[in-house]
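Next come the chains, spelled out residue by residue.
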Amino acid sequence: MAEENNQYTFESETYRKTYWHTCSHVLAQAMKRLHPEVKLAIGPSIDNGFYYDFDTPEPFTEGQLAELEAEMRKICKEKLKLERFELPRAEAIKFMEEKGEPFKVELIHDLPEDAVISFYRQGEFTDLCAGPHLDSTGRIKGNAIKLTACNAAYWRGDSNRETLQRIYGVAFPKKDELDEYLAKLEEARKRDHRRLGRELGLFMLRDEGPGFPFFLPKGMTLKNTLLDYWRRVHKKYGYVEISTPIMLNRQLWERSGHWDHYKNNMYTTVIDDVDFAVKPMNCPGGMLVYASEPHSYKELPLRVGEIGLVHRHELSGALHGLFRVRCFNQDDAHVFMTRDQMQDVIQETVRLFDEVYSVFGLSYTIELSTMPEDHIGTVEEWERNQDILKAAITAMGKDFVVNEGDGAFYGPKLDFHLADSLGRTWQCGTIQLDSQLPERFELEYTGEDGQKHRPVMIHRVVLGSIERFIGVITEHFAGAFPAWLAPVQVKLLPVTDRAAEYAEAVSARLDAMGFRVEVDGRNEKIGKKIREATLEKIPYMLVVGDRDMENGTVSVRHRSGEDLGAMSLEEFAALLGNEVKEMTIK
RNA sequence: GCUAGCGUGGCUCAAUGGCAGAGCACAUCACUCGUAAUGAUGGGGUUGUGGGUUCGAUUCCCACCGCUAGCUCCA
């Protein structure tokens, strides 16, 4: 490895991860020098940096990070050689016991019998590690290391085990690159949807209802515009829409399996001595609708959509703006079909996803989640369904990664993780294959043969949660929504009071054409009105003054700062109309 | 839920064991102005909630509520 280092650059993921992994060892070494009593857990590289978990009597403070960074810089300057060596199991355990590292001992115990147990030594510091590593701490640029956070983490991610202190860090071969990275994080903070949501008047959260978002007028317009698009695109793909009750009795939830498998997350109540639960999912209601009348094979696949408001009691610590809430609208749909239709339906659904995501300029990665420990149905059924999902997307030439044991309790699923413009990903779409609920609700259709058959179904959402999706696109567009989606598309800015009436008249005409328009009739200077409309990220500003009144024009300015000059209202309406139309159904 | 940090006008943030302050926003008045902030004046706070320590608490202590970060990446 060492001699090959020169061939590698920081652009290579392998080299980057090796670099960061060695950084984590340097961090651990610095920790041991400053705080010998601290016990070492694990310290891997991650997608953007590295961390190390420590067991410490006293949690760390931000101030200590600077001290650790300084010690790390020292270690880099010392140019310590990293040397790998192996030990037989018993000796490895003894070695770590003597060093007083109980977590390392546990790790060695859990390694398979035939595992090679390797260590890396740098100066006075040695760590259990599979490697690989850089050949010297001198290869790390000391002043381009930044310890970014210290936080708690459970040993082995298990909430029943020890709480460790995790220190996160990031490092680059050049100081400039570190600064650039930190600037990018700062940029990300500026487009945080929680901040933009408040600044743009989209939504709010209150102590009175943690995790229950309130939508404000602008946010509601955005949401309705989004749903309007959703309905049009689903109509095109042959969906019908229903709405099912928000609360249903216990018996139903027992039948669906939710009462047994999902009760901890459900809001329940008692009405007239009967247990009720607020729905955490829409499916059981959808089952009742399907079962309410007989079906023929000729109707299949039957695509039934529902924008359903669901409530889930998420852990308080998991709440996060609109990304993780306790009540949200799913753009749900259930597609009922024959076994033969499964692959086609899955592919058709993926095509629908592609169309929708492309409208927003969002790309995605797919994860296949397989059978969890807590599940219903047979292993054979699960495997068969997993194979169908795999086959369907493979045939479409799509890549996916497998997420073992992360399926829903009733079936395997394909999860679509959307990347925002900063490369962070959020799970939005999902396609879940389910042959359990049709069984439990005894769903049937009459086949060509005149016999009753059991359909299979998928549960699927494209946007996922309307709330989360709004959060994702708010950050993706940094609040500057495309014109078709912007809560306000046009703002009239009269230069003086003399133009107020004219502005109102223009506004009324645009409104009649179906555009979302506002007038800034305040007695303020035009510069101020422009500044504020720009900060509101309204796509078009129409400046109107004496000149425009005389000529019957509007002076158009884009939020980007571009001055499009004076034009007739008809010309402007055509311009905006085209821009809006481009983004609608193809 | 756990660990740590935080909670001061609508927002962003000062300050202090001894009268709580600024900018923005808001209101009023003047200015009627052509492409990113006109000026003046004014109103607005039981410092998250409840308890405790103290002559005195917004500040110190305790509890609760809420928020923020992490708890997925595994030598």
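No experiment lies behind these values; they were computed from the predicted model shown. (Residues numbered from 1 in each chain as written. Chains lettered and ligands numbered in written order. Predicted model: local features only at pLDDT ≥ 70, side-chain atom pairs only at ≥ 80, totals over all residues. Heavy atoms only, no water.)

Quick notes on the packing of aromatic side chains
(1) Moving on: Applying the stated rule across the entire model yields 22 aromatic pairs.
(2) Moving on: When the centroid spacing of 6.2 Å and the interplanar angle of 70° are considered together, the rings of phenylalanine 85 and phenylalanine 95 count as edge-to-face. Of the two residues, phenylalanine 85 is situated in strand β4 (residues 82-86) and phenylalanine 95 in helix α3 (residues 89-99); the sequence distance between them amounts to ten residues.
(3) Moving on: On the basis of relative accessibility, which here comes to 22%, the residue phenylalanine 95 falls in the partly exposed class.
(4) Moving on: Each residue in the set Tyr229, Phe360, Phe469 and Trp484 is aromatic and connected to the rest through ring pairs, giving one cluster.
(5) Moving on: Between the NZ or CZ atom of arginine 166 and the centre of the ring of tyrosine 51, over which it lies, the distance is 3.7 Å. (Phe/Tyr/Trp six-rings, centres within 6.5 Å; stacked < 30°, edge-to-face > 60°. Helix = DSSP H or I, 4+ residues; strand = E, 2+ residues; numbered from the N terminus. Buried < 20%, exposed > 50% of the residue type's maximum accessible area, 1.4 Å probe, protein only. Lys NZ or Arg CZ within 6 Å of the ring centre and 35° of its normal.)

Structural notes on the sheet that holds strand β24 (residues 490-494)
(1) Moving on: What the five strands build is an open sheet, ordered β25-β24-β26-β27-β28; its pairing is mixed. Each edge of the open sheet carries a strand with a single partner, namely β25 (517-519) and β28 (563-568). Pairs of neighbouring strands in the sheet enclose a mean axial angle of 25°, with direction left out of account.
(2) Moving on: Direction of pairing for β24 relative to β25: parallel, over a ladder of three bridges. Within β25, the position partnered with leucine 492 by the bridge is valine 519.
(3) Moving on: Docked against the sheet, helix α15 (residues 500-512) engages β24, β25, β26 (540-544) and β27 (553-558), running at close to 165° with respect to β24.
(4) Moving on: Packing against the sheet, helix α18 (residues 569-582) makes contact with β24, β26, β27 and β28, and its axis sits at approximately 120° to β28. (Pairing = 2+ DSSP bridges. Axes fitted to C-alpha atoms, helices over the stretch in contact; angles between N-to-C directions. Contact = heavy atoms within 4.5 Å.)

Thoughts on the environment of threonine 474
(1) Moving on: Within the secondary structure, threonine 474 is located in helix α14 (residues 466-476).
(2) Moving on: We classify threonine 474 as buried; its relative accessible area is 2%.
(3) Moving on: For the pair threonine 474 and histidine 193, spaced 281 residues apart in sequence, the C-alpha separation works out to 5.7 Å.
(4) Moving on: If we ignore the near neighbours within four places in the chain, the residues touching threonine 474 are His193, Leu196, Leu202, Gly479 and Phe481.

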